[in-house]
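Each chain is listed here by its residues.
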Amino acid sequence: MVRKATSLFGSDESQQLPLEIPRDDHSFSRKNISPNALKVLYRLHEAGFDAYLVGGCIRDHLIGIEPKDFDVVTNATPEEAHALFSNSRLIGRRFKLVHVTYGREIIEVSTFRANSAAQAEDTDKRQSLKGKDTARSSHGIILRDNVYGSIEEDAERRDFTFNALYYNIADFSINDYCGGLEDIDKRQIRIIGDPRQRYQEDPVRMLRAVRFAAKLNFDIEANTAAPIKEMAHLLDHIPPARLFEEVLKLLGSGYGVKTFQLLREYGLFKYLFPDTDALLNSGWQRKDITPDAFILQGLSNTDTRIQGGKSTAPYFLYAILMWPSVALRHEEFSKQGLPELPALHQAATMVLDNQVASTAIPRRFSTPMREIWDLQFRLPKRYGKRAFTLLHHPRFRAAFDFLLIREQSGTDLGGLGTWWTEFQEAPDNQQRDLVNQADGRKNEASKPKRRRPRRRKSNAKRPSDSQES
Ligand code: ATP
Ligand code: MG
């Protein structure tokens, strides 16, 4: 039975779970819900199914953050939900669910699920997919999780208490099954159930704990935090494609700096970017690169952009995180005698090959990453027509931003960023002057080298001089 709560955050010790907060006692209303999500909820409800909003949207609203997406959960099976919406499709293997599409907005509809760890009991009560309804890897990681259950069971298999809050479209109440309201009040992230077991089932939950800690500025509750360092290695068993997506959410959601620091602190970063982590731990740096300053600057610029409502390309983020390793490998290949650009291409290939064992990087991202790195070596060369050609390179803008981050993190590039800024802003006739100036500087720099052999030539007539000097 769901008990009526006497306070929103359930701080009254006598209150027992689950709690029901009636519509008048909480601030989440239909005005806070996207009209399309509302349509989905009403359609399910009218068809006789239970329909709730769950997860991030309720959590974020109660914390005072604008919800970003609306996840619907129901007792209708995916097939039943799919049949109700002509604009929907069935997706997923690990979790079978339904996507209802309205233009660019997708409303995700999932069916109440039971934690498959507890599935041995009560199987008759459940409506499960025949045959392969659940599966685990040899490491205990849940590969498929399609055992349907009640709302109570659905709450227990969610990750953190504040993600198990449900908004009921039947009476507009909020239902708290795991103590999420109290944890929001305490500003803490608490995993549901036994932390070790829950991380074993899905190691990505460790990354999610850190992501929410950074985004919400919450603490990770002591028992939830305790096993993370020791269990971080389980991330090695997560498919690289899933980790690729997870990294984008971790570092590309506007809280990259804080998330990066927490990932390092909890020993998780190593399993996402092994080469970068080793390099940061080694303390390696060079006159033209200080790896940690560079990465922090890159993430900080990205955070500012995202918080200002601008987008960032995933390849840019990855190019930042892997550049220190590329610089290190480039140095090694150069020492072996390779010219500048071939050394870079070898370095990029090597670093990318190593990285894809941890996080997949689709080619549509690795190609622009290579271009950004490549342009770091081309942007200093501005003579003749080159500057004009570079300006039209499809990756110019990203490479220029990247160059500015290098400078902002302390690399002295001789005013190259300022030059490119002026060059882009200058009218046509002045652009030529800027190129001439850059050419002039180049000629200036090379003058002594040209003179020396000439002097030697004239001195050659007097061999004794060379021995004197
Ligand atoms: P946001 O969308 O802001 O990143 P969210 O909490 O909505 O946060 P989603 O990834 O959209 O995160 O997941 C929706 C809900 O699904 C979560 O709130 C949680 O209840 C559940 N969930 C997601 N991932 C897991 C997981 N790995 N283990 C258990 N439950 C999960
Ligand atoms: Mg969400």
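The protein carries the name Poly(A) polymerase I in an unreviewed UniProt entry, which gives Marinomonas communis as its organism. Per its UniProt entry, the protein bears the Function (unreviewed entry) comment "Adds poly(A) tail to the 3' end of many RNAs, which usually targets these RNAs for decay. Plays a significant role in the global control of gene expression, through influencing the rate of transcript degradation, and in the general RNA quality control." We quote the UniProt Catalytic activity (unreviewed entry) comment for the protein here in full: "RNA(n) + ATP = RNA(n)-3'-adenine ribonucleotide + diphosphate".

Following Leu17, the chain continues into Pro18 via a peptide bond in cis, with omega recorded as -5°. The topology assignment puts Pro18 in the loop between β1 (3-4) and β2 (19-21). Of note in the backbone geometry, Arg187 takes a positive phi value of approximately 55° without being a glycine. Among the structural elements, Arg187 can be located in the loop between α5 (180-185) and β12 (188-189). Under the relative-accessibility criterion, Arg187 is labelled partly exposed at 39%.

Attention shifts here to the layout of surface pockets. As a volume, the largest pocket reaches approximately 1,900 Å³. Elements with a minimum of two residues in the lining of the largest pocket: α2 (56-63), β4 (71-74), β6 (97-102), β7 (105-111), β9 (142-145), α7 (204-216), α10 (240-251) and α13 (291-307). Sort the elements by how many residues they give to the lining of the largest pocket and α10 lands first, with six residues. In terms of residue class, the lining of the largest pocket is built from 14 nonpolar, nine polar and 24 charged. Taken domain by domain, the makeup of the lining of the largest pocket includes at least three residues from each of domain 1 (4-186) and domain 2 (257-441).

Attention now goes to the pairing of strand β10 (residues 165-168). With burial as the criterion, each face of β10 is covered, one bearing Leu165 and Tyr167 and the other bearing Tyr166 and Asn168. In this structure, strand β3 (residues 51-54) lies alongside β10, joined through three bridges in antiparallel fashion. In the sheet register, Tyr52 faces β10, and the bridge partner there is Asn168. Here β10 runs beside strand β11 (residues 174-176); their pairing, made up of three bridges, is antiparallel. Across the sheet, the residue bridging to Tyr167 is Ile174, located in β11. Once β10 ends, the chain turns through five residues before running back antiparallel as β11, passing Phe172 with a positive phi of about 65°.

Taken together, 17 residues lie around ligand 1, and Arg59, Arg158, Asp202, Arg205 and Arg211 are the ones closest in. Contact between ligand 1 and Asp202: a nitrogen atom at 2.8 Å from a side-chain N or O atom of the residue. A distance of 2.8 Å separates a nitrogen atom of ligand 1 from a polar atom in the side chain of Arg205. Here ligand 1, which alone exposes 580 Å², has 86% of that area covered by the protein. When atoms are counted within 2 Å of each cavity's grid points, the one that captures over half of ligand 1 is the largest pocket. Of all the secondary structure elements, the ones that give two or more residues to the shell around ligand 1 are α2 and α7. No other element matches the five residues that α7 contributes to the shell around ligand 1. Of the residues that constitute the shell around ligand 1, the class distribution is one nonpolar, three polar and 13 charged.

This brings us to the packing of aromatic side chains. Within the structure shown, the criterion is met by 24 aromatic pairs. For the ring pair Tyr52 and Tyr166, a centre distance of 5.9 Å and an interplane angle of 85° mean the geometry is edge-to-face. Residue Tyr52 is located in strand β3, and its partner Tyr166 is located in strand β10; the two are separated by 114 residues in the primary sequence. For the pair Tyr52 and Tyr166, a shared accessibility class is recorded, and that class is buried. Between Phe388 and Phe423 the ring centres are 5.3 Å apart and the planes differ by 70°, which places this aromatic pair in the edge-to-face class. With Phe388 in helix α17 (residues 386-391) and Phe423 in helix α19 (residues 416-425), the pair connects residues that are 35 residues apart, well separated along the chain. Clustering of aromatic rings is evident, with ring pairs tying together Phe244, Phe260, Phe269, Phe273, Tyr318 and Phe365. Note that Arg59 overlies the ring of Phe162, its terminal NZ or CZ placed 5.6 Å from the centroid. The lysine or arginine in question, Arg382, covers the ring of Trp419, its NZ or CZ lying 4.8 Å from the ring centre.

This brings us to the pairing of β3. Going residue by residue along β3, you find Ala51 and Leu53 tucked away on one face and Tyr52 and Val54 tucked away on the opposite face as well. For β3 and β4, the ladder comprises four bridges, and the chain directions are antiparallel. Residue pairing across strands places Tyr52 opposite Val73, the latter belonging to β4.

Criteria and cut-off values
- Residues numbered from 1 in each chain as written.
- Chains lettered and ligands numbered in written order.
- Predicted model: local features only at pLDDT ≥ 70, side-chain atom pairs only at ≥ 80, totals over all residues.
- Heavy atoms only, no water.
- UniProt positions renumbered as here; feature names shortened; annotations may be inferred.
- Helix = DSSP H or I, 4+ residues; strand = E, 2+ residues; numbered from the N terminus.
- Buried < 20%, exposed > 50% of the residue type's maximum accessible area, 1.4 Å probe, protein only.
- 1 Å grid on protein atoms, 1.4 Å probe; cavity = no way out; pocket = protein on both sides within 12 Å on 5 of 7 lines; lining within 4 Å.
- Points joined across faces, edges and corners; volume = space filled by probe spheres on them.
- Nonpolar A, V, L, I, M, F, W, Y, C, P; charged D, E, K, R; others polar.
- Domains from an automatic or database assignment.
- Pairing = 2+ DSSP bridges.
- Near = heavy atom within 4 Å.
- Polar contact = N/O pair within 3.5 Å; in protein donor to acceptor, adjacent residues only side chain to side chain.
- Areas by Shrake-Rupley, 256 points an atom, 1.4 Å probe, with all protein chains shown as cover.
- Sits in = over half its atoms within 2 Å of the grid points.
- Phe/Tyr/Trp six-rings, centres within 6.5 Å; stacked < 30°, edge-to-face > 60°.
- Lys NZ or Arg CZ within 6 Å of the ring centre and 35° of its normal.

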